[in-house]
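Overview (structure and organization)
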Amino acid sequence: MEHALAIEIGRGLAIAGAGLAVGLGCSGSGKGIGIASQAVGGVLSEKPDLFGRLLVLLALPGTQGFYGFITAILIFVRSGLITGQMIITPGTGLALFVLGFGVGLALYFSAQWQGEASAASISLVARRPEAFGRSVILPAMVETYAVVALLVAILAINWLTASNDVTAFVRGQ
Amino acid sequence: MKALSKGQHRWGFVCGQISVLEGRLMSYDFFMNLGSIEKSEDVLHRLQETALREFMVPGAETWEDWSTIIDSYVHSQINELKKACPSPEITDVFLLSEDYINLKRAINGRNPLFPKNVFSELRLTEIASGNPSLFPEVIRPAISTVANPAGAQSENPIITDIVLDGCYLRQYLWLLSNLDCPLLKDWSEFRVLTKLIVVLWRALKSGHNLKLFLQYLLPLEPFNHLINELCATTELRSWGNIIPGVIGDIWRECFELSEDEQIPKFEQKVSDFMTQQVKQAKLQTMGPERVGAFCWGLNMEAFNLKLIISGKLNGLPSNMLKDRIRQTYV
């Protein structure tokens, strides 16, 4: 494969992976917040004084969007897109693509389920406002797996882009 | 246990409202305590601590006053939920009885008693002049038999009642069949079956000809065969072998009671059974089952309130009232 074309393919795959991570993460967060906000709207129509507490539960599914954003930025930085030096082999590019897709999926579904869990917690707070502390734990448990996905993404991006082979490939050796 | 529907996010808003409103429902223990209070003034004083307070008016003393207050308490809550429901059928079934009272009054040339819901002002005006064309297809043919003010049949109040009972139950089943919820479908069939049994049981006890029911109550799928069998069996004890399932078990249990107690106890036990059935909807975060269950809970609350207030106003003993208090949703 021609050297420039190989770099082009690697770069394309890495950027696509970043796009999937942020795209799926943000879509999931949007959906999760949408689910929770339906319940919040109904509760606030009867008990407006609960706004402060419900806002926390409403915001929880929004974190996945940020995790997708962090993953994408990390791919951009570590692959040299921001600094102007693209050092991605097709193999690394493919790995980053699959990583971005996998992380994106984890973020999408966890955000959606976190929205459902938040809606259940919102119902709990509406019935028993004093149970707010415990109610936050339920959607926070779902958050754990989004955090795991983000951690894997950070580690994998660092390891993949720190490889000596990449540098060697760029040097044309 | 029937499966609850899932992924019904568009019901989120109304279920959020219900989460708050459920907290305002009165519990079974509250009604038992209310039943123990001797003086009716003390009962009314205790009710000021409940959600009913917003609907209480100064100077309400008679049973009619309190009945109106409780009806408007239930109606306004269900109507508010209806505005937020993605499909209004679930709330319509709980307002339908008021609509049929309005309809019956319109057929008899009288003004509506309750706020209009499923049957609009126009529909009631048209039916008063003998035109049933604005009514849903599921009840139109039957309504047309009593709609003509000059017709012989409309002058027979029993036939009008049977026709309207049939229409009510038919429309009840029809409204809930539009929602894809196994729990609500089963629940509505229990409700209709109970109503049918009570109507036929009362008619048999009053010495009415059950053939009239075959003629004017039907069709009522999926109960046509059962109604035919019940109407053909004038020996009441044999009904126990005809009525199916849990309702049949309850019927047989209640048939062993004294004659005055049979029907009220049957209604009470079935209602308690149905309340138990719908309680599983509390596990649902969002969905039509939650709305239906809450509306049923509200109806049970209204029943208990009316029972206690009328009992206290008429000086009935506490034990008798407490024995008739129905299970509540919360």
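Residues numbered from 1 in each chain as written. Chains lettered and ligands numbered in written order. Predicted model: local features only at pLDDT ≥ 70, side-chain atom pairs only at ≥ 80, totals over all residues. Heavy atoms only, no water.

1. What about the overall build of chain B?
Defined as follows: The helix and strand labels rest on DSSP assignments: H or I over at least four residues marks a helix, E over at least two residues marks a strand, and numbering proceeds from the N terminus. Only C-alpha atoms enter the radius of gyration, while the globule expectation follows 2.2 Å times N to the 0.38, with N the number of residues. Throughout this description, buried means an accessible area under 20% of the type-specific maximum (1.4 Å probe, protein chains only), exposed means over 50%, and partly exposed covers the range between. We call two residues in contact whenever any of their non-hydrogen atoms come within 4.5 Å of each other. Note that His is not counted, nor are the chain ends; the positive residues are Lys and Arg, and the negative ones are Asp and Glu. All charge positions are set by atom: Lys at NZ, Arg at CZ, Asp at CG, Glu at CD.
The helix and strand tally for chain B stands at 16 helices and 0 strands. Over its C-alpha atoms chain B spans a radius of gyration of 20 Å, differing by no more than 12% from the 20 Å that the globule rule assigns to 330 residues. Referenced to the eigenvectors of the C-alpha coordinate spread, the extents of chain B come out at roughly 50 × 45 × 45 Å. Looking at chain B residue by residue over its 330 residues, the buried ones come to 54%. When contacts within chain B are restricted to residue pairs at least 6 apart in sequence, those whose partners lie at least 24 apart make up 63%. Of the charged side chains in chain B, 34 are positive and 39 negative, and the gap between their average positions amounts to 2 Å.

2. Considering the side chain of A:Ser123
Residue placement: A:Ser123 occurs in helix H4 (residues 90-127). Sequence-distant contacts of A:Ser123, that is, excluding residues within four places in its chain, are made with B:Ser19, B:Thr285 and B:Arg290.

3. Notes on the interface of chain B and chain A
Many structure descriptions define interface size as the accessible area lost when the parts assemble. Test applied: Joining two parts hides part of their accessible area as seen by a 1.4 Å probe, and the buried area is that hidden amount summed over both. The rule for a salt bridge is simple: a side-chain nitrogen of Lys or Arg has to be within 4 Å of a carboxyl oxygen of Asp or Glu. Polar contact criterion, stated in full: a pair of N or O atoms within 3.5 Å, where within protein one must be able to donate a hydrogen and the other to accept it, and residues adjacent in sequence count only if both atoms are side-chain atoms. Asp, Glu, Lys and Arg are counted as charged, while Ala, Val, Leu, Ile, Met, Phe, Trp, Tyr, Cys and Pro are counted as nonpolar; the rest, among them Gly, fall into the polar class.
Contact with chain B, which involves 15 residues of that partner, is made by 15 residues of chain A. Around 1,300 Å² of area is buried between chain B and chain A when both sides are counted, 58% of it from carbon and sulfur atoms. When the area that chain B buries against chain A is broken down by residue, the three leading residues are B:His9, B:Phe13 and B:Val20, summing to 37%. At the junction of chain B with chain A, the criterion picks out 2 salt bridges. The closest approach of N and O atoms between B:Arg24 and A:Glu46, which form a salt bridge, is 3.3 Å. Linking chain B with chain A are 6 residue pairs in polar contact (both at pLDDT 80 or more), by the criterion used here. Along the lines of polarity and charge, the residues of the side of chain B that touches chain A split into 4 nonpolar, 6 polar and 5 charged.

4. Brief notes about the environment of B:Cys295
With respect to the helices, strands and loops of the structure, B:Cys295 is situated in helix H15 (residues 288-313). Spatially, the C-alpha atoms of B:Cys295 and B:Thr91 are 7.2 Å apart, while their sequence positions differ by 204 residues.

5. Looking at the nonpolar core
Using the following cut-off: Buried residues of nine kinds, namely Ala, Val, Leu, Ile, Met, Phe, Trp, Tyr and Cys, make up a nonpolar core once their side-chain atoms join them within 4.5 Å.
B:Leu47, B:Leu52, B:Leu103, B:Trp239 and B:Phe266 are the most contacted members of the largest nonpolar core, which totals 114 residues. In terms of residues, this core owes the most to one element, helix H9 (residues 182-205) of chain B, which gives 13 residues. Non-local contacts of B:Leu52, meaning those with residues more than four positions away in its chain, are made with B:Met26, B:Leu47, B:Trp66, B:Ile69, B:Ile70, B:Tyr73 and B:Leu305. The next biggest cluster of nonpolar side chains, apart from the first, holds 16 residues, and it includes A:Leu50, A:Leu54, A:Leu60 and B:Val20.

6. Considerations on the pattern of salt bridges
Residue and element names in this part refer to chain B. One pass over the structure, following the stated rule, counts 17 salt bridges over all chains. The partner of Arg202 in a salt bridge is Glu267, with the nearest N and O atoms 3.4 Å apart. A residue pair is termed long-range when its members are at least 10 positions apart, and Arg202 in helix H9 and Glu267 in helix H14 (residues 259-278) qualify at 65 residues. You can call Arg202 partly exposed: its relative accessible area is 42%. The exposure class of Glu267 is partly exposed, given its relative accessible area of 24%. In this structure, the salt-bridge partner of Arg237 is Glu256, at a minimum N-O distance of 3.5 Å.

7. Concerning the side chain of A:Gln112
Position of A:Gln112 among the secondary structure elements: in helix H4. Those residues in contact with A:Gln112 that lie beyond four places of it in its chain are A:Gly28, A:Lys31, A:Gly32 and A:Ile35.

8. Things to note about the packing of helix H3 (residues 40-47) of chain B against H15(B)
All names here are of chain B. Counted only if it meets this: In this analysis, axes come from line fits to C-alpha atoms, helices being fitted only over the stretch in contact, and the angle between any two N-to-C directions falls in the range 0 to 180 degrees. In what follows, roughly perpendicular refers to angles from 65 to 115 degrees, roughly parallel to angles under 35, roughly antiparallel to angles over 145, and oblique to any angle outside these ranges.
Where H3 contacts H15, the two axes come as close as 9 Å, and the packing angle between them is 150°. Relative to H15, H3 is oriented roughly antiparallel. Residues Ser40, Val43, Leu44 and Leu47 of H3 form the contact with H15, whose participating residues are Leu305, Ile308, Ile309, Lys312 and Leu313. Of the residues contributing to the contact of H3 with H15, the split by class is 7 nonpolar, 1 polar and 1 charged.

9. Digging into a nonpolar patch on the surface
Residues and elements named next belong to chain A. How we decide: Each patch is built from residues that are more than 30% exposed by relative accessible area and take part in no salt bridge. Like charges join if they lie within 9 Å; nonpolar side chains (Val, Leu, Ile, Met, Phe, Trp, Tyr) join within 5 Å. Each accessible area is a Shrake-Rupley result for a 1.4 Å probe, and residues are judged covered by the shown protein chains and nothing else.
There is a patch of nonpolar side chains on the surface, built from Ile15, Phe66, Phe69, Ile70, Ile73, Val77, Leu81 and Ile82 and spanning about 690 Å² of accessible area. Secondary-structure assignment places Phe69 in helix H3 (residues 63-78). The exposure class assigned to Phe69 is partly exposed, which follows from its relative accessible area of 46%.

10. A few points about the confidence of the model for chain B
Put simply, the rule reads: The predictor reports its confidence for every residue as pLDDT, a score running from 0 up to 100.
Of the residues in chain B, 97% have a pLDDT of 70 or more, and the chain-wide mean is 85. Across the whole predicted complex the pTM is 0.85, and at the interface the ipTM reaches 0.76.

11. Description of unusual backbone geometry
Residues and elements named next belong to chain B. Leu218 connects to Pro219 through a cis peptide bond whose omega is 5°. Looking at where Pro219 falls in the secondary structure, it is placed in the loop between helix H10 (211-216) and helix H11 (224-232). Omega for the peptide link from Glu221 to Pro222 comes to 5°, which places this bond in the cis form. Among the secondary structure elements, Pro222 is positioned in the loop between H10 and H11.

12. Here we look at H3(A)
All names here are of chain A. Applicable threshold: For a helix, the expected span equals 1.5 Å multiplied by the number of residues minus one.
Counted at 1.5 Å a residue, the expected span for H3 with its 16 residues is 22 Å, and the 22 Å between its end C-alpha atoms agrees. Contacts from the buried residues of H3 go to helix H1 (3-46), H4 and helix H5 (132-161). Directly beyond the C-terminal end of H3, a positive phi value near 85° is found at Gly80.

13. Points about helix H1 (residues 12-22) of chain B
Burial analysis of H1(B) places 10 of its 11 residues in the buried class, which makes it a mostly covered element. Residues of H1(B) that are buried: B:Gly12, B:Val14, B:Cys15, B:Gly16, B:Gln17, B:Ile18, B:Ser19, B:Val20, B:Leu21 and B:Glu22.

14. Describing the packing of aromatic side chains
As a reminder of what qualifies: Side-chain rings of Phe, Tyr and Trp, where Trp is taken by its six-membered ring, are said to pair if the distance between their centres is within 6.5 Å; with planes under 30 degrees apart they count as stacked, over 60 as edge-to-face, and otherwise as tilted.
Tallying each qualifying case throughout the model produces 12 aromatic pairs over all chains. Ring centres of A:Tyr108 and A:Phe109 lie 5.2 Å apart, and the angle between their planes is 85°; on these two criteria the pair is classed as edge-to-face. Assessed through its relative accessible area of 42%, A:Phe109 is described here as partly exposed. Aromatic side chains B:Phe55 and B:Tyr73 sit 5.6 Å apart centroid to centroid with 75° between the ring planes, which places their arrangement in the edge-to-face category.

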